[in-house]
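Per-entry structural report
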Amino acid sequence: MTDLTADEARRIILRAQGFLGAAARAGGVPAMLRRVGAVQLDTISVLARSHELVAYARLGAVGRDAVERAYWDAPARAFEYWCHAACVLPIEQWPLYDFRRRAFRERRFRWHEVPPVVDKVLEQVRSDGPLTTADIGGAKNGGPWWDWSDTKIAIEWLLDIGEVVCTRRVGWRRVYELAERAVPAELLGRDLSDAECVTRLTGIAGRALGVATRADLADFTRVRGAHAALLDEALLSGAAGLVPVRVSGWPARRGAGAGGPNAWADPAALDGEPRGRHRTTPLSPFDSLIWERARAERVFGLNHRLEAYVPRDKRVHGYFAMPVLAGGRIIGRVDPAREGTTLVARQVGFEPGARARDAEAMSDALWEAASWVGCTGVRVERVGTPELEAPLRAAVARGSQGRR
């Protein structure tokens, strides 16, 4: 068993996630997607949509069209399905979700009862596809967002069970196509047991996370009950390809005893000390580096939650506050917006212990992100850390002069 300090674990995690070292940028967005294993989707768009921010955070000023091509292209290079949440997944992972598709089929229930029109909707896709919800009768009945039309419920359930698949979007609308027409035949033809699926996905999660607790791995794959038991078996048997490690300061694993292993690691991630330049970048709250709150607090000391759905007067950090990574640490948070060609930092706050150099790093992160989204100016409104307000404003002003 390998003993790791919390700092060593953090650096391994950063390298595994593509934030440390130049090698992480090789291969562009397709390689990045395979490295992280899953990219969470979300409807909110501030600087850009979350799936674009995930690529930018690791690769820098990658063209946004390159991101779209890597996720949604023909022939299919990726597909959308349920992993940690609704995610873009590399197309080669299609067979690994057989266990979840079977479970949906057995339940015949999602958030709604599956309506009688499901067979009709499937036949419509078969004869006229690929189609969007607008093509098959609309997404909503006209009420709240969750008041889905029967055709929307039907098409989403068909996606859940694998009869249809989304491998591209148009104007942020899913385009549904028969899986047999969109997914490569060699992937459709595989027949994996639940144990094989969960075992292989556990390995993918472990390699993507670098070092992870059992809870981290279960959260990545969102397995519960009998499927979580398969994850445990894959870990304990070694079938997932991960090895037990002990990370100082991380909580003890249940049943492991004092001094026993409390996490799992990708053996390749333990081979050699992580070296290279750290990325300085704002992070989407849905980025897999920080998407699980307990893990983000354990690894970075970051207690963060998305406040987009919190009433304005109760927000602490802002509508879409983005943690800012620099030097392998979370140095603060920024709540961004855009006004014409200006990136507006509506609110900036620094983490405890931040210093003047962190104000420089925050300024760098703001200016680089502004350039990426086509902004030519940066304006800082509120700074929640008084002792760093003057250094930050001075650094932002210098950044403006340096770009004239």
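Criteria and cut-off values
- Residues numbered from 1 in each chain as written.
- Predicted model: local features only at pLDDT ≥ 70, side-chain atom pairs only at ≥ 80, totals over all residues.
- Heavy atoms only, no water.
- Pairing = 2+ DSSP bridges.
- Helix = DSSP H or I, 4+ residues; strand = E, 2+ residues; numbered from the N terminus.
- Contact = heavy atoms within 4.5 Å.
- Core = buried A, V, L, I, M, F, W, Y, C linked by side-chain atoms within 4.5 Å.
- Buried < 20%, exposed > 50% of the residue type's maximum accessible area, 1.4 Å probe, protein only.
- Polar contact = N/O pair within 3.5 Å; in protein donor to acceptor, adjacent residues only side chain to side chain.
- Arc of directions from axis to C-beta.

1. Quick word on the pairing of strand β8 (residues 243-247)
As paired elements, strand β1 (residues 2-4) and β8 share 3 bridges and run parallel to each other. The residue bridging Leu 4 from the neighbouring strand is Val 247, located in β8. Both β8 and strand β9 (residues 263-265) contribute to a ladder of 3 bridges, which runs antiparallel. Directly across from Pro 244, in β9, lies its bridge partner Trp 264.

2. Description of the environment of Arg 200
Its location among the elements puts Arg 200 in helix α11 (residues 194-209). Considering only alpha carbons, one finds Arg 200 and Leu 231, 31 residues apart in sequence, at a separation of 9.4 Å. Setting aside residues no more than four positions away along its own chain, Arg 200 makes contact with Leu 96, Arg 190 and Leu 192.

3. Observations regarding the nonpolar core
Core analysis: the largest hydrophobic core is formed by 56 residues, its most contacted members being Tyr 97, Val 164 and Leu 217. If one sorts the elements of this core by residue count, α11 sits on top with 7 residues. Core analysis: the next-biggest nonpolar cluster, separate from the first, contains 35 residues, Ile 44, Val 334, Val 348 and Cys 375 among them.

4. Topic: the environment of Arg 279
Mapped onto the elements, Arg 279 comes out in the loop between β9 and β10 (281-282). Apart from residues no more than four positions distant in its own chain, Arg 279 is found in contact with Phe 19, Arg 25, Tyr 56, Ala 57, Arg 58, Gly 60, Leu 325, Ala 326, Gly 327 and Glu 368. Polar contacts involving the side chain of Arg 279 include one to the main-chain carbonyl oxygen of Tyr 56, which spans 3.1 Å.

5. Considering helix α6 (residues 118-128)
Of the residues making up α6, those classed as buried are Val 118, Val 121, Leu 122 and Val 125. For α6, the angular spread of buried residues about the axis comes to 100 degrees, placing them on one side. Those residues of α6 that are exposed and angled more than 90 degrees off the buried face are Asp 119 and Lys 120. The inward-facing, buried residues of α6 contact α7 (133-136), α8 (150-160), β5 (164-170), β6 (173-178) and α9 (179-182).

6. Overview of unusual backbone geometry
That bond from Gly 129 to Pro 130 is cis: its omega, 5 degrees, falls within 30 degrees of zero. Counting through the fold element by element, Pro 130 comes out in the loop between α6 and α7. If you check the backbone angles, Trp 172 has positive phi at about 70 degrees while not being a glycine. Following the sequence through the fold, Trp 172 ends up in the loop between β5 and β6. Of note, Arg 222 is a non-glycine position whose phi angle comes to about 50 degrees, a positive value. Along the chain, the position of Arg 222 falls in the loop between α12 (214-221) and α13 (225-237).

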